[in-house]
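Breakdown of the fold
Single-letter residue listing:
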Amino acid sequence: MIENKLTVIKLVVTGPVNAGKTTLIRSLSDVPVVCTNEIASDGVSDLKEQTTVAMDHGICYPTEDLALHLYGTPGQRRFDFMWEILAEGADGIVFVVDGSDARSLEELKYIYEHYSARVKIPFLVVVTKQDIVKFVSLQGVASALGISAEQVKHVDARERGPVMELLLSRFVCGAKVFPA
Ligand SMILES: Nc1nc2c(ncn2[C@@H]2O[C@H](COP(=O)(O)OP(=O)(O)OP(=O)(O)O)[C@@H](O)[C@H]2O)c(=O)[nH]1
Ligand SMILES: [Mg+2]
């Protein structure tokens, strides 16, 4: 009997409010995404109508033997207890930052430091909304976080193909293998 093997990679998608985390997961997922979007309050309502309050979850199957499990975090600090819960057992972290908004990079620094103090796993930083206005260069984001510019890429979170390509090139090597 041939036993099917499915490689499962768990990725956490995190970053500031309005960066494009939920959008990225919706673009990639091959199953209906579980979202916990609620009406935004406080300062967030100036940016957007709805915001993630607990998590997003989606799965994509780039090939028949590979599954990417995507867990999106809330961006707001008041829900930061979810950041660690969602990172449990993760194989990688995708940090998403709104490249058109200076406040987003400031907040990303806080979130990046939060995770770096707690988990040592591969990560990638993706900069969205460069089609709106380029407020900072990829090198600028890298310098702000104290990381190599190779770990920072531009994406449009609404575009499945390029986002998928980036995630596969960054995270698929060294994946764990579980029986299907
Ligand atoms: N123009 C443009 N819009 C984008 C891009 N990425 C995301 N968006 C838009 O940004 C808005 C916010 O995206 P969300 O996915 O809700 O952001 P989020 O990071 O999940 O936000 P919270 O859940 O509130 O933390 C949506 O209207 C997206 O369509 C991009 O690269 N370019
Ligand atoms: Mg969201």
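Reading guide: rules and limits
Residues numbered from 1 in each chain as written. Chains lettered and ligands numbered in written order. Predicted model: local features only at pLDDT ≥ 70, side-chain atom pairs only at ≥ 80, totals over all residues. Heavy atoms only, no water. Phe/Tyr/Trp six-rings, centres within 6.5 Å; stacked < 30°, edge-to-face > 60°. Helix = DSSP H or I, 4+ residues; strand = E, 2+ residues; numbered from the N terminus. Buried < 20%, exposed > 50% of the residue type's maximum accessible area, 1.4 Å probe, protein only. Lys NZ or Arg CZ within 6 Å of the ring centre and 35° of its normal. Axes fitted to C-alpha atoms, helices over the stretch in contact; angles between N-to-C directions. Parallel < 35°, antiparallel > 145°, perpendicular 65-115°, else oblique. Contact = heavy atoms within 4.5 Å. Nonpolar A, V, L, I, M, F, W, Y, C, P; charged D, E, K, R; others polar. Donors = N, O, S within 2.8 Å, 3.2 Å for Na, K, Ca; no water. Salt bridge = Lys/Arg side-chain N within 4 Å of Asp/Glu carboxyl O. Pairing = 2+ DSSP bridges. Polar contact = N/O pair within 3.5 Å; in protein donor to acceptor, adjacent residues only side chain to side chain. Expected span 1.5 Å × (residues − 1).

Describing the packing of aromatic side chains
What describes a pair of aromatic rings is the distance from one ring centre to the other and the angle between the planes of the rings. Under the definition given, this model contains six aromatic pairs. Look at Trp83 and Tyr115: their rings are 6.4 Å apart centre to centre, the planes differ by 25°, and that puts the pair in the stacked class. Highlighted residues: Trp83 in helix 2 (residues 81-87) and Tyr115 in helix 3 (residues 102-116), separated in sequence by 32 residues. Like Trp83, the residue Tyr115 is buried in the burial classification. With 5.4 Å between their ring centres and 65° between their planes, Phe95 and Tyr112 make a pair best called edge-to-face. You can see Phe95 sitting in strand 6 (residues 92-98) and its partner Tyr112 sitting in helix 3, a full 17 residues away along the chain. You can call Phe95 buried: its relative accessible area is 2%. Members of the aromatic cluster, joined through ring pairs, are Trp83, Phe95, Tyr110, Tyr112, Tyr115 and Phe123. A cation over an aromatic ring shows up here: Arg77 above the ring of Tyr110, its NZ or CZ 3.5 Å from the ring centre.

Quick word on the packing of helix 1 (residues 21-28) against helix 5 (residues 160-171)
Closest axis-to-axis distance for the helix 1/helix 5 pair is 9 Å, and the angle between their directions is 95°. Here helix 5 runs roughly perpendicular to helix 1, going by the angle between their axes. Across from Leu24, Ser27 and Leu28 in helix 1, the residues of helix 5 making contact are Arg160, Val163, Met164 and Leu167. Considered class by class, the residues forming the contact of helix 1 with helix 5 number five nonpolar, one polar and one charged.

What about the coordination of the magnesium ion (ligand 2)?
Surrounding the magnesium ion (ligand 2) are the protein donor atoms Thr22 (OG1) and Thr52 (OG1), at 2.0 Å. One end of the pair, Thr22, is in helix 1; the other, Thr52, is in strand 3 (residues 50-52), with 30 residues separating them in the sequence. On the accessibility criterion, Thr22 (12% relative accessible area) is buried.

Remarks on the pattern of salt bridges
Under the criterion given, the structure shown has eight salt bridges. Between Asp98 and Lys129 there is a salt bridge; the shortest N-O distance is 3.4 Å. You can see Asp98 sitting in strand 6 and its partner Lys129 sitting in the loop between strand 7 (123-128) and helix 4 (138-145), a full 31 residues away along the chain. In this structure, Arg158 and Asp131 form a salt bridge, with 3.3 Å as the shortest nitrogen-oxygen distance. With Arg158 in the loop between strand 8 (152-154) and helix 5 and Asp131 in the loop between strand 7 and helix 4, the pair connects residues that are 27 residues apart, well separated along the chain. A relative accessible area of 56% places Arg158 in the exposed class.

As for the pairing of strand 4 (residues 56-63)
Looking along a regular strand, one sees side chains alternate from face to face of the sheet. Across six bridges, strand 4 lies against strand 5 (residues 66-72) in antiparallel orientation. Within the sheet, the bridge partner assigned to Cys60 lies in strand 5 and is Leu68.

Side note on the side chain of His114
With respect to the helices and strands, the residue His114 is situated in helix 3. What makes His114 buried here is its relative accessible area of 9%. Among the polar contacts made by the side chain of His114, one reaches the side chain of Glu84 at a distance of 3.3 Å. When neighbours within four sequence positions are excluded, His114 is seen to be in contact with Trp83 and Glu84.

Concerning helix 3
For helix 3, spanning 15 residues, the distance from its first C-alpha to its last is 21 Å, which sits close to the expected 21 Å at 1.5 Å a residue. Here helix 3 has its buried residues at Ser104, Leu105, Glu107, Leu108, Ile111, Tyr112, His114 and Tyr115. At its buried positions, helix 3 is contacted by strand 1 (5-14), helix 2, strand 6, strand 7 and helix 4. The N-capping residue of helix 3, defined by a side-chain oxygen 2.9 Å from the backbone nitrogen of Arg103, is Asp101.

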